[in-house]
Amino acid sequence: MTKWNFNTQAIHNEQEPDAQTGAVSQPIVPAVAYSFDTAEDAVAVVNGEAEGVYYGRYGNPTSRKLELKVASLEGSEDALAVSSGMAAISIGLMNFLSQGDHVVVTKDVYGGTHKFLSTIAPRYGIEYDYVDCTDASEVEKAIQPNTRAVYIESPSNPSLTLIDIEAVAKVAKSHNIPLIVDNTFMTPYLQRPLELGADVVVHSATKYLNGHGDVVAGIVCANEDVIANMRKNVMGDLGQHISAWDAFLILRGIKTLGIRVKQHCRNALKIAEFLEKHPVVEKVNYPGLASHPQHDLAVRQMDDMGGIVSFEIKGGVEAGKKFISSLDIAMISFSLGDPETLVQHPASMTHASIPEEELHKFGISTGLIRLSAGLEDVQDIINDLDQALSNVGEKVQM
Ligand SMILES: Cc1ncc(COP(=O)(O)O)c(C=O)c1O
């Protein structure tokens, strides 16, 4: 049988009508306890020798459906659905790292991952180095005898820097070290890191996978034995499971993943093109623009360019604050990947405590804005950006 195309897979993979009721949409099974005919049957499920669920902290039938669905889209043997993107990231890292181990991490990694590595991980004797992973030879140089994982995300948040996943995977493989990739910004619709040689994919399902801004969740995709260990010896013990209700909502969201992400990409490109021509805008970071320094890699590695655009407006922190406060449709928010256009100004929000002269270390300038293109009619978003930029423009010398 020929493999279905993405939208067909997103709807039909791992989904059949409910055996008892014929219900087409996924039933929600919130049960914590599951019964078995014999003690042997129970032990076989607990030991992973038979498929099934046995206790709510290790998963439930609804989260299992979600795991199988995402695994089928990412092309992994198995997956683990968890309570947040940070749960997926911490499980991914803790599965491979013990006291005395070292991890190579891309230097502009998501802030929460940075915080986990710089605060929690050292308390358990785990070492890390932030490395410029845009150059695979830097990854090679950073690997030490105790390195047990390489961790990257591409494109990065918020500077939209790309990493050549295939090149970094080759380096990791030559040292027998697993490569973990955060694929949140892309989703399997746009980028499948496992096909490029990565070993583990992590997602914040809070973003595009669910896509409606009403669930916090995460997913890890990897080989069966890796997922079995994560489920039994990390997630279950730390209690990072997902609820059946949240799993249901993400399964529902995934049915429209392809069409949503396609529209996010279309809107983002039009917004990026508009911003690039605007006199108040100093610079636009969007992989889909020919001006992006890694545009060729983007075309090679990604099926489309994603829904996130970041840009620098002239006038520094005050201009940034004034701009986001002047928007009518786009909302000031810390999240992304929702139907609503969302904006963030790192210098006055997430990174406000960092002195201006040190912001550049985080790849952030004082006027940098991150925009998550929503699903509104793009001309309305552009009109909104235009009026807010004119507001700033009055104050900025152009
Ligand atoms: C790239 C990326 N990875 C991971 C996370 C963490 O996800 P969550 O908030 O679901 O824990 C985020 C959140 O913004 C993110 O942007």
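Throughout what follows, the structure given in this document is the object of discussion. The shown structure was predicted, so the numbers you read here are calculated from the model rather than taken from an experiment.

1. Regarding the overall build of the protein chain
(1) Moving on: Assigned secondary structure in the protein chain consists of 14 helices and 12 strands.
(2) Moving on: Scaling as 2.2 N^0.38, a compact globule of 398 residues should have a C-alpha radius of gyration of about 21 Å, and the protein chain matches this with 22 Å.
(3) Moving on: Based on the C-alpha atoms only, the size of the protein chain along its principal axes is roughly 80 × 55 × 40 Å.
(4) Moving on: The burial tally for the protein chain puts 55% of its 398 residues in the buried class.
(5) Moving on: Taking as baseline every contact in the protein chain between residues at least 6 positions apart, the subset at least 24 positions apart corresponds to 72%.
(6) Moving on: Treating the 31 positive side-chain charges of the protein chain as one cloud and the 51 negative ones as another, the clouds have centres 2 Å apart.

2. Quick notes on the site of the ligand
(1) Moving on: Met86, Asp182, Ser204, Thr206 and Lys207 are the nearest of the 13 residues found near the ligand.
(2) Moving on: Gly85 has a polar backbone atom sitting 2.9 Å from an oxygen atom of the ligand.
(3) Moving on: At 2.7 Å, a side-chain N or O of Asp182 approaches a nitrogen atom of the ligand.
(4) Moving on: More than half of the atoms belonging to the ligand lie within 2 Å of the grid points that define the largest pocket.
(5) Moving on: Sort the elements by how many residues they give to the shell around the ligand and helix H4 (residues 85-96) lands first, with 3 residues.
(6) Moving on: Split by residue class, the shell around the ligand holds 5 nonpolar, 6 polar and 2 charged.

3. Re the environment of Gly48
(1) Moving on: Here Gly48 shows up in the loop between helix H2 (39-46) and helix H3 (61-74).
(2) Moving on: Since its relative accessible area comes to 59%, Gly48 is described here as exposed.

4. Here we look at the sheet that holds strand E2 (residues 102-106)
Pairing between the strands of a sheet comes from backbone hydrogen bonds, and it takes one of two forms, parallel or antiparallel.
(1) Moving on: Pairing is mixed across the open sheet formed by 7 strands, whose spatial order is E1-E7-E6-E5-E4-E2-E3. In the strand order of this sheet, the two ends are held by strand E1 (78-82) and strand E3 (127-131), each with one partner. On average, each strand axis in the sheet is inclined to that of its neighbour by 20°, with strand direction left out of account.
(2) Moving on: Note: E1 against strand E7 (residues 218-222), 5 bridges, orientation antiparallel. Residue pairing for E7: Leu80 is matched across the bridge by Val220.
(3) Moving on: Across the face of the sheet, H4 comes into contact with E1, E2, strand E4 (147-153), strand E5 (179-182), strand E6 (200-204) and E7 while running at roughly 155° to E6.
(4) Moving on: Docked against the sheet, helix H9 (residues 224-238) engages E1, E6 and E7, running at close to 25° with respect to E1.

5. Observations concerning the nonpolar core
(1) Moving on: In terms of nonpolar packing, the biggest core is built from 87 residues, with Leu66, Leu179, Leu275, Phe311 and Phe323 touching the most fellow members.
(2) Moving on: With 8 residues, the single largest contributor to this core is helix H11 (residues 257-277).
(3) Moving on: Of the residues that make up this core, three or more belong to each of domain 1 (6-254) and domain 2 (258-393).
(4) Moving on: The contacts of Phe323, once residues within four sequence positions are left out, are Phe311, Ile313, Ile369, Leu385, Ala388, Leu389 and Val392.

Reading the values: the criteria
- Counting restarts for each chain: residues are numbered from 1 in the order of the written sequence.
- Residue-level local features of this predicted model are given only where pLDDT is at least 70; pairs of side-chain atoms are given and counted only at 80 or more, and the full residue set underlies all totals for whole chains, interfaces and linings.
- Excluded from the side-chain calculations are hydrogens and water; all other atoms, namely the structure's heavy atoms, are used.
- Numbering of helices and strands runs from the N terminus, with a helix taken as a DSSP run of H or I at least four residues long and a strand as a DSSP run of E at least two residues long.
- Within these notes, the globule rule equals 2.2 Å times the number of residues to the 0.38 power, and the radius of gyration is based on C-alpha atoms.
- Exposure classes here rest on a 1.4 Å probe applied to the protein chains alone. A residue is buried below 20% of its type maximum, exposed above 50%, and partly exposed in between.
- The contact rule is simple, with two residues in contact once any of their heavy atoms fall within 4.5 Å.
- When charges are counted, Lys and Arg contribute as positive and Asp and Glu as negative, whereas His and the chain ends are disregarded.
- The location of each charge is read from NZ of Lys, CZ of Arg, CG of Asp or CD of Glu.
- Nearness here has a simple test: a residue counts as near a molecule or strand if at least one of its heavy atoms is within 4 Å of that partner.
- Nitrogen and oxygen atoms within 3.5 Å of one another constitute a polar contact, given that in protein one can donate a hydrogen and the other can accept it, and given that sequence-neighbouring residues count only through two side-chain atoms.
- The method works on a 1 Å grid over the protein atoms by themselves. A cavity is a set of points holding a 1.4 Å probe that cannot get out, a pocket is an open set with protein on both sides within 12 Å along at least five of seven lines, and residues with an atom within 4 Å of a point line them.
- Pocket occupancy is defined atom-wise: a molecule lies in a cavity or pocket when more than half of its atoms are within 2 Å of its grid points.
- Charged means Asp, Glu, Lys or Arg here, nonpolar means Ala, Val, Leu, Ile, Met, Phe, Trp, Tyr, Cys or Pro, and polar covers whatever is left, Gly included.
- Pairing between strands is defined by DSSP: at least two bridges between them are needed.
- Lines fitted to the C-alpha atoms define the axes, with helices restricted to the stretch that makes contact. Angles between their N-to-C directions range from 0 to 180 degrees.
- Note on terminology: a nonpolar core comprises buried Ala, Val, Leu, Ile, Met, Phe, Trp, Tyr and Cys residues joined through side-chain atoms within 4.5 Å.
- Note: domain ranges come from an automatic or database domain assignment.

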